[in-house]
Amino acid sequence: MHALQPLALALLGTLRDMAPILATIALFQGLVLGVWPEDPLGLLAALVAILIGLTLMVRGLEMSLFPIGEALADAMARRGHPAWLMGFAFALGFGSTVAEPALAAVAAQAASAMVADPDFPTTETQLAVLTAQIRYGVAFGLGLALMLGVWRILKGWPLIWLVLPGYGVIALIASLTDAPFVAVALDLGTAATSAINIPLMLALGIGLASVLRSRNALVDGFGMVVMASLTPMLLFLAAAFFLVPGG
């Protein structure tokens, strides 16, 4: 019974977190639109499945991946050579982003929307290829972002030096092209940073900054997340501008 108590508390926590959005959807669908689902039992079963699935995923991450990632990040920050530290940062960013379920869902939806444009392929095989390109392209960008974030902490560069020019470039490219990649790129940063990789990135940034006494662990830890959100947008906007015909 004692072993089930943390799981029950986690389940209640997930239900509490989901309650506002569920109440909002029910309010607008039932009272504002006046439309109720045709299969309420099926909808309820799906919501229960989501509740249980999210709870088990978060609980599993807390018990396994997060402690391992924190221990590795702390060990690499304290004893790792800069070259190994950079390689570890890239591998951590790439691997954790590929595993992000939110990114997988957004990549599939983005690919489906993009192939509706006549400039893009429409076969199922090409759709699958485009989905994989989006996922692995974002993961590659996250790996580069963590490498750059580690290098910034080691060199002591202010975060603003990288963030302001980066978002300036995004605004410039977005104003020069209306290619389908643009709309996708502006959402990729959010989709790429989610439940799996954010705690790992924070652990790496905070662990490294804690070893270097001149650095601010809070700023540098969360600075990793900022870089991780920025880099995929830059990569895909660059692809829209330079690679897409007419982009």
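Residues numbered from 1 in each chain as written. Predicted model: local features only at pLDDT ≥ 70, side-chain atom pairs only at ≥ 80, totals over all residues. Heavy atoms only, no water.

1. Digging into the packing of aromatic side chains
Thought 1: As enumerated under the stated definition, the model contains 3 aromatic pairs in all.
Thought 2: With a centroid separation of 6.1 Å and an interplanar angle of 15°, the aromatic rings of Phe90 and Phe94 are classed as stacked. Taken together, the residues Phe90 and Phe94, both in helix H3 (residues 82-98) and 4 residues apart, mark about one turn of the helix.
Thought 3: The exposure class assigned to Phe90 is partly exposed, which follows from its relative accessible area of 23%.
Thought 4: Overall, the relative accessible area of 27% leaves Phe94 in the partly exposed class.
Thought 5: Where Phe94 meets Tyr136, the ring centres are 6.1 Å apart and the plane angle is 40°; that geometry is what we call tilted. Here Phe94, found in helix H3, pairs with Tyr136, found in helix H5 (residues 124-155); they are 42 residues apart in sequence, far enough to count as distant.
Thought 6: Looking at Tyr136, the relative accessible area reads 42%, which means it is partly exposed. (Phe/Tyr/Trp six-rings, centres within 6.5 Å; stacked < 30°, edge-to-face > 60°. Helix = DSSP H or I, 4+ residues; strand = E, 2+ residues; numbered from the N terminus. Buried < 20%, exposed > 50% of the residue type's maximum accessible area, 1.4 Å probe, protein only.)

2. So, the nonpolar core
Thought 1: Residues Ile134, Val138, Leu146, Val150 and Leu204 are the most contacted members of the largest nonpolar core, which totals 36 residues.
Thought 2: Residue assignment for this core shows that the elements contributing at least two residues are H3, helix H4 (101-114), H5, helix H6 (160-176), helix H7 (180-192), helix H8 (197-211) and helix H9 (217-242). (Core = buried A, V, L, I, M, F, W, Y, C linked by side-chain atoms within 4.5 Å.)

3. Notes on the side chain of Ser96
Thought 1: Residue placement: Ser96 occurs in helix H3.
Thought 2: A residue is classified by how much of its surface remains accessible, and Ser96, at 8% relative accessible area, is buried.
Thought 3: At 2.7 Å, the side chain of Ser96 forms a polar contact with the backbone oxygen of Leu92. (Polar contact = N/O pair within 3.5 Å; in protein donor to acceptor, adjacent residues only side chain to side chain.)

4. Comments concerning a nonpolar patch on the surface
Thought 1: A contiguous nonpolar surface patch, about 540 Å² in accessible area, is contributed by Leu11, Leu41, Leu44, Val48, Ile52 and Leu56.
Thought 2: At 5 residues, the largest contribution of residues to the nonpolar patch is made by helix H2 (residues 40-79).
Thought 3: Its place among the elements puts Leu44 in helix H2. (Patch = residues over 30% accessible without salt bridge, like charges linked within 9 Å, V, L, I, M, F, W, Y side chains within 5 Å. Areas by Shrake-Rupley, 256 points an atom, 1.4 Å probe, with all protein chains shown as cover. Salt bridge = Lys/Arg side-chain N within 4 Å of Asp/Glu carboxyl O.)

5. What to know about H3
Thought 1: Here H3 is 17 residues long and its end C-alpha atoms lie 24 Å apart, about the 24 Å a rise of 1.5 Å per residue gives.
Thought 2: Regarding H3, the residues found buried are Leu85, Met86, Phe88, Ala89, Leu92, Gly93, Ser96, Thr97 and Val98. (Expected span 1.5 Å × (residues − 1).)

6. Brief notes about H5
Thought 1: Relative to the 46 Å expected for 32 residues at 1.5 Å per residue, H5 spans 46 Å between its end C-alpha atoms, a close match to the ideal helical length.
Thought 2: Positive backbone phi, at 80°, marks Gly156, one or two positions downstream of H5.

7. Structural notes on the side chain of Ser229
Thought 1: Among the secondary structure elements, Ser229 is positioned in helix H9.
Thought 2: Ser229 sits in the buried class, given a relative accessible area of 16%.
Thought 3: Ignoring any residue separated from it by four or fewer positions in sequence, one finds Ser229 in contact with Gly189 and Thr193. (Contact = heavy atoms within 4.5 Å.)

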